[in-house]
Every structure is written in C-alpha cells, then in structure tokens.
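Fold and geometry: a report
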Amino acid sequence: ERGFNRHVSGGRPMKRQKGTICEAQYDFGSSRYCGPTSLSAITGHGTAMICGWIRRRTGKPYVKGMTTCLAVQYLKDNGYEVELVWKQTKFGIGWKTSEGTSVTLKRFIEFHARSRDVYLINVTGHFLVLHGGKIVCTSTGGTIKPACSSKYLRCRVKNAWRVS
C-alpha cells in the first residue's frame, strides 16, 4: 500500500496522508544525504529503506547522493504521481506552462507558499521538500521548519515536481 512503511526505526508502521509531509525518518540516528531525507519527508519511509532501494537500483555499495531521475523514479515506484512544474535547461528556463526567467528558491516559495501541494525541489546540487510554507531538508535536520528560514533561499531552482 502506498505510503505505508514498516521500516521506520523500531519497526513501527507509519501511515502517510496524501498531500502532507513529515519529519525525515533517520533509521540510524544520523542524517543522510538530502535525496533520501527529502524522499523520507514525502513518503514516511526510513532513510535506510530508501538507501537500500538506491543501492539495488544503481549497483553502488554506498549512497553519497542521488540524481533527479532516481528521486522521481523512487516516488513513482511507490505509487506517487509526479508532475514536473519547473525545469531549467541549457536551452532556456521557464515554467512548464509558461516561459519565464530563472527563479530562486525564495521566489518559488512566494509563488507556492499557500499551495496545499507537496513539491520536491532541486536547487543547485540539493534536494528539499516544500509544503504550505514549510520546508524539510538536511539543513533543517530532517525536521519541518518555516520555508523562510532555509539557507538555500538565494539558490536557483533547477527542477521542481508536484507530488501527489
């Protein structure tokens, strides 16, 4: 069942409500890289489970980061719908639905702070999750914090996906 996790610390099941985020579930008591942290905040899965999936998928013995393709594929494999809403390419920058200029995380948050949607965002080399003016990433220790407190506010948004 999508969003049902038996692998969080202590083996406790965790049910996730659609369209919400939670604090990242660090199975080993320490933070992981930003990709597993962000995916944990969306799915409620423990980071050990996510890292195990990445290792099986890539064949690499260690997880030291992840690509945007892997992050999106993990969500799809777990039953989430993922829609690309922003993409920065070398040929141009713009919203999927309309052309625009490059956007910082701060500006993206201003556009979407009141939205009830969950966004997986990739800023220059970093993943984070935005939902209703709140943010989760490794810089917040995997906890939910106000988006305006992010240290990545001046970074350019490379990709953003709406997750449902």
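Preceding block: the structure.
This write-up is about the structure you can find in this document. (Residues numbered from 1 in each chain as written. Predicted model: local features only at pLDDT ≥ 70, side-chain atom pairs only at ≥ 80, totals over all residues. Heavy atoms only, no water.)

Looking at the pairing of strand E6 (residues 126–131)
Most of E6 sits inside the fold, with 6 of its 6 residues counted as buried. In E6, alternate side chains face the same way, and those of His126, Leu128 and Leu130 on one face and Phe127, Val129 and His131 on the other are all buried. Sheet analysis places strand E5 (residues 118–123) next to E6, joined by 6 bridges and oriented antiparallel. By the bridge assignment, valine 118 is partnered in E6 with histidine 131. A loop of 2 residues connects E5 with E6, the two strands running antiparallel in sequence, and glycine 125 in this loop sits at a positive phi of about 70 degrees. Bridge analysis of E6 against strand E7 (residues 134–136) gives 3 bridges, and the strand direction is antiparallel. Within E7, the residue paired with valine 129 across the bridge is valine 136. Hairpin connection between E6 and E7: a loop of 2 residues separates the two successive antiparallel strands, and glycine 132 in this loop has a positive phi of roughly 55 degrees. (Buried < 20%, exposed > 50% of the residue type's maximum accessible area, 1.4 Å probe, protein only. Helix = DSSP H or I, 4+ residues; strand = E, 2+ residues; numbered from the N terminus. Pairing = 2+ DSSP bridges.)

Thoughts on the packing of aromatic side chains
Inspection of the entire model under this criterion finds 2 aromatic pairs. Ring centres 5.1 Å apart and planes at 80 degrees place the aromatic pair tryptophan 53 and tyrosine 74 in the edge-to-face group. In this pair, tryptophan 53 is assigned in helix H2 (residues 47–58) and tyrosine 74 in helix H3 (residues 68–77), connecting sequence segments 21 residues apart. Ring centres of phenylalanine 108 and tyrosine 119 lie 5.5 Å apart, and the angle between their planes is 90 degrees; on these two criteria the pair is classed as edge-to-face. Of this pair, phenylalanine 108 sits in helix H4 (residues 105–112) while tyrosine 119 is found in strand E5, placing the two residues 11 residues apart along the sequence. Residue class for phenylalanine 108 comes out buried when judged on its relative accessible area of 0%. (Phe/Tyr/Trp six-rings, centres within 6.5 Å; stacked < 30°, edge-to-face > 60°.)

None of this, on its own, says anything about what the molecule does.
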